[in-house]
Amino acid sequence: MTKRAVPWRQAWESALYGEDGFFRSTRPAEHFRTSAHVGVFAEAIADLVGQSGATTVVDLAAGGGELLVALLPLVGTGVQLIAVEVADRPADLPGAIHWTDHLPDRIDGLLIANEWLDNLPCDVVEVGDDGIVRDVCVDPTTGEESIGSPYESVWLDRWWPLRQPGERAEIGATRDEAWADAAARVNGLAIAIDYGHLREDRPPFGTLRSYAHGREVDVIPDGTRDVTAHVAVDSVAAAAGAQLMRQRDALARLGLDGGRPALDLAQSDPMAYLTALGRAGDVGELLANGGLGDFWWIITDTTGHGRLSE
Ligand SMILES: C[S@@+](CC[C@H](N)C(=O)[O-])C[C@H]1O[C@@H](n2cnc3c(N)ncnc32)[C@H](O)[C@@H]1O
């Protein structure tokens, strides 16, 4: 083990949220594109707000506030918009959007957390040559890894059993606990949206990744790049008593349709045709196989009669 190596979870926490952490000094939109940056996404969320009668929308892990800024003209002044974010309030954020660094105790309406859970640090473990599961440590300046102490976890046994030397896992217990706590505050709808996997298809070597300036880069928890890992969405859903749905199915239920505009519109109204074509492109991006459409919605509906309820 190098002198500077620390358990992955500790290195990850400081890299993203320490004093000079990645998300304290930079905005997510400078580095990657999420559903919140695709205009049509806010339209679907506005429909959800309308049909559920929510009078408050809380965006947990709001990034630069993009989703709420897009939502503001769509939902009108009767709906209170609250961004929860560890980074500072953007200087140009509309005054009608409230900005805070902690989740309200009680939320009557909609709680949405897009790509939050994948950024919650986890313990990372690996099966050693001796067949024993151990904590993985990392040097935060180089990303060089070393194997630490034996690691026992009820979560691992239940949700991500490891067998062969070299197999790895990210322990999802921190995410389960965080989302169960957030969803329990909600009277209405709580939705976490993220990329993830299920028990039957866990990736054998884990999913730790880093991104910066629109590119995938070496995984190093040094504060200059994002550190993320896919979410064990079935364990989060079980902890929060939630249902799971792919984003493409959830958005289809909310009426998003990726069909292209009729060609004769190009003749009769070229501008309308171009606008409709651009919109269809955005919808296609949100529903795409192998892309945002594969994301999971983890949904708790305490009203039990919304369009997303089974
Ligand atoms: C991947 S970005 C997603 C931003 C935005 N939701 C989007 O979809 O574009 C994750 C964000 O979560 C924020 N975050 C992480 N933990 C948080 C917490 N406990 N409370 C508030 N914000 C948090 C980070 O600062 C970062 O802006």
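Residues numbered from 1 in each chain as written. Predicted model: local features only at pLDDT ≥ 70, side-chain atom pairs only at ≥ 80, totals over all residues. Heavy atoms only, no water.

Let us now look at the packing of aromatic side chains. Scanning all chains against the criterion turns up six aromatic pairs. Judged by centre distance (5.1 Å) and plane angle (65 degrees), the ring pair of F22 and F23 falls under edge-to-face. Note on accessibility: F22 and F23 belong to one class, buried. Feature note: the residues Y17, F22 and F23 constitute an aromatic cluster, connected by ring pairs. The ring centre of W160 lies 5.8 Å from the NZ or CZ of R202, which sits over that ring. (Phe/Tyr/Trp six-rings, centres within 6.5 Å; stacked < 30°, edge-to-face > 60°. Buried < 20%, exposed > 50% of the residue type's maximum accessible area, 1.4 Å probe, protein only. Lys NZ or Arg CZ within 6 Å of the ring centre and 35° of its normal.)

The next point concerns the environment of L263. The residue L263 is located in the loop between α8 (247-253) and α9 (264-268) in this model. In this structure, the C-alpha to C-alpha distance between L263 and V283, residues 20 residues apart in sequence, is 18 Å. (Helix = DSSP H or I, 4+ residues; strand = E, 2+ residues; numbered from the N terminus.)

A few words on the side chain of D194. Relative to the elements of secondary structure, D194 occurs in strand β10 (residues 186-194). No salt bridge is formed by the buried D194; its nearest oppositely charged neighbour, R175, is found at 7.3 Å. Polar contacts involving the side chain of D194 include one to the main-chain amide nitrogen of W116, which spans 3.4 Å. (Lys, Arg positive; Asp, Glu negative; His and termini not counted. Salt bridge = Lys/Arg side-chain N within 4 Å of Asp/Glu carboxyl O. Polar contact = N/O pair within 3.5 Å; in protein donor to acceptor, adjacent residues only side chain to side chain.)

A few words on the sheet that holds strand β5 (residues 107-114). Taken in spatial order, the seven strands make up an open sheet running β4-β3-β2-β5-β10-β17-β16, and their pairing is mixed. Of all strands in the sheet, those with a lone pairing partner are β4 (97-100) and β16 (243-246), marking the two edges. Geometrically, the sheet is characterised by an average inter-axis angle of 20 degrees between neighbouring strands, direction not taken into account. Two elements, β10 and strand β17 (residues 296-301), share six bridges in a ladder whose sense is antiparallel. Residue A192 lies in a different strand from β17, and its bridge partner there is I298. Along the sheet, helix α4 (residues 66-75) contacts β2 (56-60), β3 (80-84), β4 and β5; its crossing angle with β3, the most-contacted strand, is approximately 175 degrees. Contacts from helix α7 (residues 233-240) reach β16 and β17, with the element oriented near 5 degrees to β17. (Pairing = 2+ DSSP bridges. Axes fitted to C-alpha atoms, helices over the stretch in contact; angles between N-to-C directions. Contact = heavy atoms within 4.5 Å.)

Right, let's get into the site of the ligand. Of all residues adjacent to the ligand, which total 16 residues, the nearest are T34, A61, E85, N114 and N119. Within the contact set of the ligand, an oxygen atom lies 3.3 Å away from a side-chain nitrogen or oxygen of H37. The side chain of N114 places a nitrogen or oxygen atom 2.8 Å from an oxygen atom of the ligand. Here the ligand has 600 Å² of accessible area as a free molecule, and 92% of this is covered by the chains. Structurally, the ligand is housed in the largest pocket. Partitioning the shell around the ligand into residue classes produces nine nonpolar, five polar and two charged. (Near = heavy atom within 4 Å. Areas by Shrake-Rupley, 256 points an atom, 1.4 Å probe, with all protein chains shown as cover. 1 Å grid on protein atoms, 1.4 Å probe; cavity = no way out; pocket = protein on both sides within 12 Å on 5 of 7 lines; lining within 4 Å. Sits in = over half its atoms within 2 Å of the grid points. Nonpolar A, V, L, I, M, F, W, Y, C, P; charged D, E, K, R; others polar.)

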